[in-house]
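# Commentary on secondary and tertiary structure
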Amino acid sequence: MTGSEPCDACGDPIEEPLARTVQLNVDRSEVDSQRLCPACFADWIERYRAEMQPRSREESYDEDADIIVD
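In what follows, the accompanying structure is described. As a convention, each chain's residues are numbered from 1 in the sequence order in which they are written. Under the rules for a predicted model, residues below a pLDDT of 70 receive no local features and side-chain atom pairs below 80 are neither given nor counted, while totals for whole chains, interfaces and linings still include all residues. Each side-chain value is worked out from all heavy atoms of the structure, with water and hydrogens disregarded.

### Thoughts on the overall build of the chain
- We count a stretch as a helix when DSSP gives it H or I for four or more residues in a row; a strand needs E for two or more, and each element gets its number in order from the N terminus. Looking only at helices and strands, the chain features two helices and four strands.
- Secondary structure elements of the chain, listed N to C terminal, follow the sequence β-β-β-β-α-α.
- Surface accessibility of the chain: about 6200 Å² in total, with carbon and sulfur atoms responsible for 48%. Areas reported here follow the Shrake-Rupley algorithm with a probe of radius 1.4 Å; residue values treat only the protein chains shown as occluding.

### Details of the packing of aromatic side chains
- Stacked, tilted and edge-to-face are the three classes applied to pairs of Phe, Tyr and Trp rings, where Trp contributes its six-membered ring and a pair requires centres within 6.5 Å; stacked means planes under 30 degrees apart, edge-to-face means over 60, and tilted covers the rest. This structure, assessed with the given rule, holds one aromatic pair.
- Between W44 and Y48, the ring centres sit 5.4 Å apart and the planes meet at 10°, which makes this aromatic pair stacked. Taken together, the residues span about one helical turn, with W44 and Y48 both in helix α1 (residues 38–52) at a distance of four residues.
- Accessibility here uses a 1.4 Å probe with only protein chains present; expressed as a share of the type maximum, an area under 20% marks a residue as buried, one over 50% as exposed, and anything in between as partly exposed. A relative accessible area of 23% places W44 in the partly exposed class.

### Considerations on the pairing of strand β3 (residues 20–26)
- Looking at chain direction, β3 and strand β4 (residues 29–36) are connected through seven bridges and run antiparallel. Within β4, the residue paired with N25 across the bridge is E30. Strand pairing is assigned whenever DSSP detects at least two bridges linking the two strands.

### Some remarks on unusual backbone geometry
- For D27, which is not glycine, the phi torsion reads 50° and is therefore positive.
- Topologically, D27 is positioned in the loop between β3 and β4.
- The exposure class assigned to D27 is exposed, which follows from its relative accessible area of 72%.
- For R28, which is not glycine, the phi torsion reads 70° and is therefore positive.
- Structurally, the position occupied by R28 is in the loop between β3 and β4.
- Overall, the relative accessible area of 86% leaves R28 in the exposed class.

Written out as structure tokens, the structure is:
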């Protein structure tokens, strides 16, 4: 790769030393790969942390969700 490649998230050009690559592999097969600029990488990390953080028992179970009213 020469010069600057675009960020897969925002499309802005990024220099090679600043680029970060995020790869998703399932059963050793690559499902997705993204080259991200530092800002988009930080956003990706924050989104990953928020979505993968364990929820408290109260948040993960809603007793009223099992009630069906006809």
